[in-house]
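Results of the structural survey
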Amino acid sequence: MNARPAPLADTLERVRARIERADAAPTLDALAQFAQLSPGHLQRAFRRRYGVSPAEYHRARRFGQFKAALQGGAAVTDAVYEAGFGSGSRVYEHSDRLLGMTPASYRAGGAGASIRYTTTATPLGRLLVAATARGICAVTLGADDAELEARLADEFPQAERERVDAGREEWLDAVIARIASDLGWSEAAAPAPPPLDVAATAFQWRVWDALTKIPTGETRSYGELAAAIGAPKAARAVGNACGNNRLALLVPCHRVVREDGTPGGWRWGVERKRELLARERRCAKR
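Presented here is a report on the structure given in the accompanying data block. (Residues numbered from 1 in each chain as written. Predicted model: local features only at pLDDT ≥ 70, side-chain atom pairs only at ≥ 80, totals over all residues. Heavy atoms only, no water.)

Looking only at helices and strands, the chain has 13 helices and 6 strands in total. A sequence separation of at least 24 residues applies to 58% of the contacts in the chain between residues at least 6 apart. Working note: accessible area of the chain is about 14300 Å², and carbon and sulfur atoms make up 49% of it. (Helix = DSSP H or I, 4+ residues; strand = E, 2+ residues; numbered from the N terminus. Contact = heavy atoms within 4.5 Å. Areas by Shrake-Rupley, 256 points an atom, 1.4 Å probe, with all protein chains shown as cover.)

On to the pairing of strand β3 (residues 136-142). Every other side chain in a regular strand lies on the same face of the sheet, so the side chains alternate between the two faces. Counting buried positions along β3 yields 7 of 7 residues, so the element is predominantly enclosed. Note: strand β2 (residues 125-131) against β3, 6 bridges, orientation antiparallel. Across the sheet, L128 pairs through a bridge with T140, a residue of β3. What sits between the antiparallel neighbours β2 and β3 is a turn of 4 residues. (Buried < 20%, exposed > 50% of the residue type's maximum accessible area, 1.4 Å probe, protein only. Pairing = 2+ DSSP bridges.)

Per the stated rule, a full pass over the model turns up 12 salt bridges. With a closest N to O distance of 2.5 Å, E13 and R16 form a salt bridge. Separated by 3 residues within a single helix, E13 and R16 lie in helix α1 (residues 8-21), roughly one turn from each other. Owing to a relative accessible area of 31%, E13 belongs among the partly exposed residues under this scheme. According to the relative accessible area criterion, R16 is buried, its value standing at 19%. E149 is the partner of R163 in a salt bridge, and the nearest nitrogen-oxygen pair spans 3.3 Å. Of this pair, R163 sits in strand β4 (residues 160-163) while E149 sits in helix α8 (residues 145-155), and the two are 14 residues apart along the sequence. When its relative accessible area of 28% is taken as the criterion, E149 is described as partly exposed. Beyond isolated ion pairs, a larger network of salt bridges with shared partners links R126, D145, E149 and R163. (Salt bridge = Lys/Arg side-chain N within 4 Å of Asp/Glu carboxyl O.)

On their own, these measurements won't tell you what the molecule is for.
This is the structure we're talking about:
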């Protein structure tokens, strides 16, 4: 008798493990033959389960190894080959999106990057917005400026950091104005969002994009957000992506709650999260 086919979840896990072990990215056809599925079926099923395609998964895995090597002090050239990239040009094709700055600068804690930042008062405490020449790199909340500046220094210890006064930096002012408008703190029209310069994987970008589509005054559970991006089995990965968000309020991860409706944690404090959600609900009812 023929053996029963393995459950799809088990098959996809075997495919994922095969990608993990591969030095070079396996072709979709090769993976499909290994899984005994059609290429189209495998592509769709893998994306539903893990939130990314097999090719994106392999690329993100290599970039994870690459970033770890850079943070460990490896030279950029050594890190390129240690992570399995055939050449440095392949790294730089994706480094703006996946690293947020050049590889050498990332390895050195932002060395060579020039970061401008400002702070302002909000109903939730002090707000810091920071930008490189490429785009916004941090939006954080805290009790006072000293806490916010220390957090920025921890994230970019080797970057050149310069405080600028309000009104002297177009991107910083635009973010503050947009947040104030979106959250009902100001009646002025929201300006267009500036470009972003943050380190993220393809999956994190998908989660963050989905977060921006949750209407003000509403919330989603981690499972609901996972389903919204076509990855219903990836609720835990969605939670990790929310936890890695460095753009408070601009990417509204505060609108994600636990399955039972309780707020859950938030990088900038659960009490702030409760207050923010209550404010948004009141604003949405007007």
